[in-house]
Amino acid sequence: MEYKKLAEMLFPDIKETVTYYENDVFPERNLPEGAKVTRLAPSPTGFIHLGNLYGAFVDERLAHQSDGVFMLRIEDTDEKRKVEGAVETIISSLKYFGLNFDEGALLDGEKGIYGPYYQSNRGPIYQCVAKYLVEQGSAYPCFCTEEELEEIRKQQAEVNVNTGYYGKWAKDRSLSLEGVQKHLDNGDEFVIRFKSNGTEEGTFEIEDAIRGKLSIHENYQDVVILKTNGIPTYHFAHVVDDHFMRVTHVIRGEEWLSTLPIHYEIFKAIGWKHPVYCHTAHLMKMDNGSKRKLSKRKDPELGLGYYMDLGYHPAAVREYLLTILNSNYEEWRIENPDSPTDDFKFTLDKMSNSGALFDLDKLNNISKDVLLKIPADEIYEFLLNWAKGHKPEIAEILENNKEEVIKLLSVGRDGDKPRKDLMYCEQIFDFISYFFDEHFKIVDSYPENINDEEAKKLLKLYLQTYDHNDDQSQWFDKIRIIAAENGYAAKPKDYKKNPDMYKGHVGDVSLVIRLAIVGRSSSPDVWELQQIMGEEKVRRRIENIIK
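All of the points below concern the structure found in this document. (Residues numbered from 1 in each chain as written. Predicted model: local features only at pLDDT ≥ 70, side-chain atom pairs only at ≥ 80, totals over all residues. Heavy atoms only, no water.)

## Quick word on the pattern of salt bridges
Line of reasoning, step 1. Scanning the model with the defined rule gives 39 salt bridges in all.
Line of reasoning, step 2. The shortest N-O distance in the salt bridge between R61 and E60 comes to 2.9 Å.
Line of reasoning, step 3. Residue R61 is classed as buried on the basis of its relative accessible area of 5%.
Line of reasoning, step 4. Residues participating in the shared-partner salt-bridge network are R39, R73, E75, R122, D241 and D242. (Salt bridge = Lys/Arg side-chain N within 4 Å of Asp/Glu carboxyl O. Buried < 20%, exposed > 50% of the residue type's maximum accessible area, 1.4 Å probe, protein only.)

Right, dumping it as structure tokens:
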């Protein structure tokens, strides 16, 4: 067949050549040796999840620690799945977690010379490459209707063979020029299919930067590369874009491994070098003693909105993700407790290929450690900004009590064994909410050995001796005296030795006072909290309980 003539019949309006795009429009990048070019290429479907962030961190680290380029490409060729505002959500969500793109689709337009960065605007480029494949005899038009394709599938099922469009089932593979022209004259719709040279038995080897050498079955299907409307399928657009944008490393989930044979063969057919593929493991969680994939339906923590709504600090999320991205990160952190995360040398060979275990409890513990190193005034600003966007009803309270809130956030953070009370904004506000009268509530109970009347008696005695000017030692000595004069051991160890001699111990009396002032059995040092609250508020709190 005269393939060039066929290409002109199918693409009469495409005048540019692959060589033109290769040399004049998208030349090789001028980057340092070893620099990596990575891309995040989400679809604008409105849901951005932890897996996207997980992969994006890999993209960002590989690019930036090699003086390369980290870009955002929007794969928006599927009109049915587009969601209004989804691109803005993607960009702003990733920016929240400290991921900033060097190039690509940005909030204020596009940046870079390898665009357009929206696939929907790259139609002529895809059609040019498709035309080239037709000219080489590596692609052809297929005029099969849905009904005809369904009939092929039925026939394949009857003889128990793999379904698909290949081999003798690919009935338009050998259409003559006259046959093609007849269809075109009839106005019949067609797709462009890739003409595979693979076999059902064939295999090939390819190096995956995370999984090592893979032996994979060849592609033998004549997959669609251009739909009837001239829009490319993912398989084809990915190959064309990654080549012309000069992407060196493709990071994507292991669910894409099954499509790798298609991409590999298309690269090979065009004569392009394929990028380094890096297939990440699924994010897993423990559920009733066994591992399973994180699920959009079952696990709210899969969506990035979960962490933004609760107000996790981006530094904490970044720190945690690095622990599951590289197996040697935690060891490095122990040796470098105060170093910024960017000092860590991220490598692909330290990534898991069997399922990365996501643990929300571990994230919370790491978050406590990270927030302990952030100054209280910075935590206050972060908390305030979060409140303005997610809990406006508390933003004014925080603004009106800035000095006191910073002091509350600072309590217990110094010394050899600092308190680690803060995890994320919603929890932080709940933790300090006792300070604000409109949010104060008693959430815990008195010790079993103290009833309401006994508690009120102890609180009255506390008020009689309370002096806001007492230092911490003087303050606690007075509580010891109240305890001893009312049948409680002045020291817990005395009570432990002779429990029958006492009603309880000084800790029980302290707890009654703590509950009256803070409303909960666990809190930072009560004396320090009283100093922040001021005498009037302390007395009012206790008097309200007594009444």
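## Some remarks on empty space enclosed by the protein
Line of reasoning, step 1. With the rule as written, the count across this model stands at one cavity of 30 Å³ or more.
Line of reasoning, step 2. Its volume calculated, the largest cavity comes out at about 80 Å³.
Line of reasoning, step 3. Every residue along the wall of the largest cavity is listed here: K368, L371, L372, L408, L409, V411, R413, R419, K420, D421, L422 and F431.
Line of reasoning, step 4. Taken together, the elements giving at least two residues each to the lining of the largest cavity come down to α13 (360-372) and α16 (402-410).
Line of reasoning, step 5. Ranked by residue count, the leading element in the lining of the largest cavity is α13, at three residues.
Line of reasoning, step 6. Split by residue class, the lining of the largest cavity holds seven nonpolar, no polar and five charged. (1 Å grid on protein atoms, 1.4 Å probe; cavity = no way out; pocket = protein on both sides within 12 Å on 5 of 7 lines; lining within 4 Å. Points joined across faces, edges and corners; volume = space filled by probe spheres on them. Helix = DSSP H or I, 4+ residues; strand = E, 2+ residues; numbered from the N terminus. Nonpolar A, V, L, I, M, F, W, Y, C, P; charged D, E, K, R; others polar.)

## Side note on the nonpolar core
Line of reasoning, step 1. Among the nonpolar cores identified, the biggest contains 108 residues, and L50, L53, L94, L325, L398, L409 and I542 are the most heavily contacted of them.
Line of reasoning, step 2. Apart from residues lying up to four places away in sequence, L325 is in contact with Y54, F57, V58, F346, K350 and M351.
Line of reasoning, step 3. Among the nonpolar cores identified, the runner-up in size contains 52 residues, and Y117, Y126, I225 and L226 belong to it. (Core = buried A, V, L, I, M, F, W, Y, C linked by side-chain atoms within 4.5 Å. Contact = heavy atoms within 4.5 Å.)

## Describing the layout of surface pockets
Line of reasoning, step 1. The calculated volume of the largest pocket comes to roughly 1200 Å³.
Line of reasoning, step 2. Forming the walls of the largest pocket are 43 residues, and the residues nearest its centre are P42, H49, N52, E255 and W256.
Line of reasoning, step 3. Volume-wise, the second largest pocket comes out at about 430 Å³.
Line of reasoning, step 4. Lining the second largest pocket are 17 residues, with E319, R333, D369, V370 and K373 positioned closest to its centre.
Line of reasoning, step 5. Of all the secondary structure elements, the ones that give two or more residues to the lining of the second largest pocket are α11 (314-325), α12 (329-335) and α13.
Line of reasoning, step 6. When residues in the lining of the second largest pocket are grouped by element, the largest group, four residues, is from α12.
Line of reasoning, step 7. By residue class, the composition of the lining of the second largest pocket is eight nonpolar, three polar and six charged.

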